[in-house]
Amino acid sequence: MSISRVGFAGLGSMGGPMALNLARAGIPLLVWNRTPGKADRVTEAVEDVAELFARCDVVILMLKDADAVDTVLDRGGPAFGARVAGRTIVHMGTTAPGHSRGLEAELLAAGAKYVEAPVSGSRIPAEAGELVAMLAGDPGTIEEVRELFAPMCRETVYCGPVPNGLLMKLAVNVHLTAVVTSLAETVRFARAHELDLALLADVLGAGQLASPILRVKAPKLVEEDFAPQASIANVLANVELIAAAAREAGLELPLLEASRALYAETARLGFGAEDMVAVIRALY
């Protein structure tokens, strides 16, 4: 398959850097965003999302949630069939696995191709092109668009049929959520005992707990820097998806549920737009 032009819908804190990396790599790119001004520094933009589909062979979706995905595709509406027929839709956001499974069936029935490709990482890895994409779908279709992931992702991992990419993303986020919540509790404990927090970060980073997420999030907690990389609201939405998928499988995830309550409380306190490390506010 020869890709003549790629469409990109959704230029938020993750999508903006991802699209910019595609443009810098020389990918022929056309972008759309609900707020037009965000497209100015990326590449050519359209104001009408229908034009994005009309002019592109492949359309990448990096949208907030399932409702946004369905709206952009006009799923269930009169424009859906003509909008997607003959195109490859690459879904890189995070929605419920069941939503993605149903979307794949409807796209294939309409004569489109579908790749599920959620990513692990936040704004800084997105800016650096170091995301990890979890791919699911028809292997042949994935190969047709695989070149598009290189400017955005450090690794791509094939996870099998849809919705295994999203299930893998949710599994990763079970661990991520617990790690960041635990780190916030660690800093809270150390602060209560008047320990040197910078020294705490050094000790954590020198031992077996060292990790990229620790290197990014520990300084933010020490400095009380709550500028968002992945917001409380975004993490809470992901946690809700995990909790729903766990219920469907008959699982109990007590650590996840404890974290869920803390993120919900942080959002209730009015800090939903802050970085996920702001979960420490629910511990005060």
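Look above for the structure.
Quick notes on the rules
Residues numbered from 1 in each chain as written. Predicted model: local features only at pLDDT ≥ 70, side-chain atom pairs only at ≥ 80, totals over all residues. Heavy atoms only, no water. Buried < 20%, exposed > 50% of the residue type's maximum accessible area, 1.4 Å probe, protein only. Helix = DSSP H or I, 4+ residues; strand = E, 2+ residues; numbered from the N terminus. Pairing = 2+ DSSP bridges. Disulfide = S-S within 2.5 Å. Phe/Tyr/Trp six-rings, centres within 6.5 Å; stacked < 30°, edge-to-face > 60°. Lys NZ or Arg CZ within 6 Å of the ring centre and 35° of its normal. Core = buried A, V, L, I, M, F, W, Y, C linked by side-chain atoms within 4.5 Å. Salt bridge = Lys/Arg side-chain N within 4 Å of Asp/Glu carboxyl O.

Draft legend 1. Quick peek at the pairing of strand β3 (residues 58-61). Here β3 shows a buried face lined by V58 and I60 and a second buried face lined by V59 and L61. Relative to β3, strand β1 (residues 6-9) runs parallel, the two being bridged by four bridges. Bridge pairing in β3 links G7 to V59. Where β3 and strand β4 (residues 88-91) come together, four bridges link them in parallel fashion. Within the sheet, the bridge partner assigned to V58 lies in β4 and is T88.

Draft legend 2. A look at the state of the cysteines. Inspection of the entire model under this criterion finds zero disulfides. Here C153 stays free of any disulfide, with the sulfur of C159 as its closest cysteine sulfur at 12 Å.

Draft legend 3. Seen up close, the packing of aromatic side chains. Counted according to the given criterion, the structure contains zero aromatic pairs. In this structure, R281 is placed above the aromatic ring of F271, and the distance from its NZ or CZ to the ring centre is 4.1 Å.

Draft legend 4. Examining the pairing of strand β7 (residues 131-137) more closely. Of all seven residues in β7, seven are buried, a share of seventy percent or more. Because side chains alternate across β7, one face comprises the buried residues L131, A133, L135 and G137, and the other comprises V132, M134 and A136, equally buried. As paired elements, strand β5 (residues 113-116) and β7 share two bridges and run antiparallel to each other. Residue pairing in the sheet places V115 in a bridge with G137 of β7. Strand direction decides the pairing type here: strand β6 (residues 119-120) and β7, joined by two bridges, are antiparallel.

Draft legend 5. Spatial organisation of the nonpolar core. Formed by 29 residues in total, the largest nonpolar core has its most connected members in F8, M18, V90, M92, F149 and M152. Where this core is concerned, the elements lending two or more residues are β1, α1 (15-24), β2 (29-32), β3, β7 and α7 (139-145). In terms of nonpolar packing, the next biggest core, distinct from the first, is built from 27 residues, A184, V235, Y263 and M276 among them.

Draft legend 6. Summary view of unusual backbone geometry. With an omega of 10°, the peptide bond between V162 and P163 qualifies as cis. Structurally, P163 can be placed in the loop between β8 (153-158) and α8 (164-192). Positive phi is not limited to glycine here, since D74 has a value of about 55°. With respect to the secondary-structure elements, D74 resides in the loop between α3 (66-73) and α4 (80-84).

Draft legend 7. Focus on the pattern of salt bridges. Following the criterion strictly, the structure yields 14 salt bridges and no others. The residue R260 makes a salt bridge to E240 at a minimum N-O spacing of 2.8 Å. With R260 in helix α12 (residues 254-268) and E240 in helix α11 (residues 232-248), the pair connects residues that are 20 residues apart, well separated along the chain. Residue class for E240 comes out partly exposed when judged on its relative accessible area of 32%. For R268, the salt bridge identified is with E265, shortest N-O distance 2.8 Å. With a gap of three residues between them, R268 and E265 both fall in helix α12, about one helical turn apart.

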